[in-house]
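# A structural walkthrough
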Amino acid sequence: MKILFLDIDGVIKADVHGSPFFDDSLDILKSILDRTGAVIVMSSSWKVKYKAFVDNGYKTDIYDVQRLYEALCRHGLAITDYTPYLGEIEWSLRRPVEIKEYLKSVENVESFCILDDRDEFPWDDLSENLVLTLFGKDENGEKIAYLAPEHEDRIVEILNKNC
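The model shown is predicted, which means the values in this text are computed figures rather than measured ones.

Right, let's talk about the layout of surface pockets for a bit. Space inside the largest pocket adds up to approximately 270 Å³. If you go around the largest pocket, the residues you meet are Asp9, Lys13, Asp15, Val16, His17, Ser45, Trp46, Lys49, Ile62, Tyr63, Asp64 and Val65. Counting residues per element, the lining of the largest pocket draws most heavily on helix 3 (residues 63–74), at three residues. Among the residues forming the lining of the largest pocket, the class breakdown is five nonpolar, two polar and five charged.

Turning next to a nonpolar patch on the surface. A surface patch of nonpolar side chains, amounting to about 250 Å² of accessible area, comprises Phe135, Ile144 and Tyr146. With respect to the helices and strands, Ile144 occurs in strand 7 (residues 143–145).

On to the pattern of salt bridges. Opposite charge on two side chains permits pairing when their charged atoms draw close. Across all of its chains, the model carries 18 salt bridges by this definition. Ionic contacts of the salt-bridge type, sharing partners, join the residues Asp15, Asp117, Arg118, Glu120 and Lys143 into one network.

Per the counting criterion, the structure on display carries 11 aromatic pairs. Summarising the aromatic geometry, the rings of Phe21 and Trp46 are spaced 6.0 Å apart at their centres and angled 65 degrees between planes, so their arrangement reads as edge-to-face. Of this pair, Phe21 sits in the loop between strand 1 (2–6) and helix 1 (23–36) while Trp46 sits in the loop between strand 2 (39–42) and helix 2 (47–55), placing them 25 residues apart in sequence. Overall, the relative accessible area of 10% leaves Phe21 in the buried class. Taken together, Tyr50, Phe53, Tyr58 and Tyr69 form an aromatic cluster joined through their ring pairs.

With parallel pairing, the five strands of this open sheet are ordered in space as 3-2-1-4-5. Strand pairing shows two members of the sheet lacking a second neighbour, strand 3 (79–82) and strand 5 (130–132), which therefore form its edges. Strand-to-strand twist in this sheet, taken as the mean axis angle between neighbours without regard to direction, amounts to 30 degrees. Bridge count for strand 2 against strand 3 is three bridges, and the pairing is parallel. Its bridge partner being in strand 3, Val41 is matched across the sheet by Asp81. Strands in contact with helix 1 are strand 1, strand 2 and strand 4 (111–116); relative to strand 1, the strand with the most contacts, it is inclined by about 165 degrees.

So, how was this worked out
Residues numbered from 1 in each chain as written. Predicted model: local features only at pLDDT ≥ 70, side-chain atom pairs only at ≥ 80, totals over all residues. Heavy atoms only, no water. 1 Å grid on protein atoms, 1.4 Å probe; cavity = no way out; pocket = protein on both sides within 12 Å on 5 of 7 lines; lining within 4 Å. Points joined across faces, edges and corners; volume = space filled by probe spheres on them. Helix = DSSP H or I, 4+ residues; strand = E, 2+ residues; numbered from the N terminus. Nonpolar A, V, L, I, M, F, W, Y, C, P; charged D, E, K, R; others polar. Patch = residues over 30% accessible without salt bridge, like charges linked within 9 Å, V, L, I, M, F, W, Y side chains within 5 Å. Areas by Shrake-Rupley, 256 points an atom, 1.4 Å probe, with all protein chains shown as cover. Salt bridge = Lys/Arg side-chain N within 4 Å of Asp/Glu carboxyl O. Phe/Tyr/Trp six-rings, centres within 6.5 Å; stacked < 30°, edge-to-face > 60°. Buried < 20%, exposed > 50% of the residue type's maximum accessible area, 1.4 Å probe, protein only. Pairing = 2+ DSSP bridges. Axes fitted to C-alpha atoms, helices over the stretch in contact; angles between N-to-C directions. Contact = heavy atoms within 4.5 Å.

This is the structure in structure tokens:
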């Protein structure tokens, strides 16, 4: 199994509440899955609310979660699974640990790639499987981050490396 760990904010959507999802980034994501056969595992902090939405029969009163689902559907994408939520771990350390725990819990992992905009996490031994979508900051100090065409071939290379 090939796994694409997906963050949401800063990858397929700006890191601003209520901002639109990037159709171009979602198209790139779809192309990556088509080229690799990978599945999406949500590693984003969105996973708690999104999993509750799915478990509740795709019903929610959280507008952004509904919009995420609709954006994924429009592009033929689906979340296959979620990394565990380890709330007892400090936020700045949590995501890499959750990804490692997920990898320990599944069998037959051929390859994996992590899509994230957070360069401050301690990625350490996961760094060769990491593609950062952070481009820098604008004149107001806001980060510029999104999945772009220049990321696609590197992600495909990581996911297809054992083939």
